[in-house]
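# Understanding the architecture of this molecule
Here's the letter readout for the chains.
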Amino acid sequence: MDKKVAELLNDQVNKELYSAYLYLDMANFYANQGLDGFANWYEIQAKEEQDHAMLIYKYLHNNDQTVTLGAIAKPDKEYKELMDPLKAAHAHEQYVTGLINAIYDAALEAKDHRTVQFLDWFVKEQGEEEVNSSGMVRKMELFGGDAKALYMLNSELAGRTYSAPSLKL
Ligand code: FEO
């Protein structure tokens, strides 16, 4: 595998684990606010990020690459309003889309078609992640100001269940 592509994928393992930690921190914020549905949403989001990390980890091993695990940064965002994590989550997903696109570009440049094909799943996944994260912001804008509507939104989010990624390695 091209050295730069392998390095970027290795870094992405860390970035996905950081994403999991960031979302767990958001779950923690909402749990502290008594919003168990929002907390559930972000707990599941954290699990999905761990899955993303493991998919890349396994892909690297399947391609005879050495994986180096680095320190995972502390989630250091401060949340005051109920909207704050939702906006931070959307901005974070846009950032991750940029990271995936950069690895995709490097793989294309290296003519590493296998990695391009592997990353296709992540490109699609990022599209879904951004739809979900912007949808959460929109819902809070519409309903967050009304206690009854917030209660119902929290109940809706409590119904999210975990499902394993559709990509299998
Ligand atoms: Fe791993 Fe939320 O993208």
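Residues numbered from 1 in each chain as written. Predicted model: local features only at pLDDT ≥ 70, side-chain atom pairs only at ≥ 80, totals over all residues. Heavy atoms only, no water.

## Remarks on the pattern of salt bridges
Using the criterion set out here, one finds five salt bridges in the structure. Among the salt bridges present, the one from arginine 138 reaches glutamate 141, with a minimum N-O distance of 3.6 Å. Taken together, the residues arginine 138 and glutamate 141, both in helix α4 (residues 113-143) and three residues apart, mark about one turn of the helix. Using a relative accessible area of 48% as the deciding quantity, one classes arginine 138 as partly exposed. (Salt bridge = Lys/Arg side-chain N within 4 Å of Asp/Glu carboxyl O. Helix = DSSP H or I, 4+ residues; strand = E, 2+ residues; numbered from the N terminus. Buried < 20%, exposed > 50% of the residue type's maximum accessible area, 1.4 Å probe, protein only.)

## Things to note about a nonpolar patch on the surface
Where nonpolar side chains cluster on the molecular surface, the patch consists of Tyr21, Leu24 and Ile72 and spans about 270 Å² of accessible area. You can see leucine 24 is positioned in helix α1 (residues 3-32). (Patch = residues over 30% accessible without salt bridge, like charges linked within 9 Å, V, L, I, M, F, W, Y side chains within 5 Å. Areas by Shrake-Rupley, 256 points an atom, 1.4 Å probe, with all protein chains shown as cover.)

## Quick notes on the nonpolar core
A general trend in soluble globular proteins is that nonpolar side chains are found buried together. One finds Met26, Tyr30, Phe38, Tyr42 and Leu86 to be the most contacted residues of the largest nonpolar core, which totals 24 residues. In terms of residue count, α1 provides more of this core than any other element does, seven residues in total. Sequence-distant contacts of methionine 26, that is, excluding residues within four places in its chain, are made with Tyr42, Tyr79, Pro85, Ala88 and Ala89. If you look at the next biggest cluster of nonpolar residues, it comprises 21 residues, including Tyr104, Val116, Phe122 and Leu167. (Core = buried A, V, L, I, M, F, W, Y, C linked by side-chain atoms within 4.5 Å. Contact = heavy atoms within 4.5 Å.)

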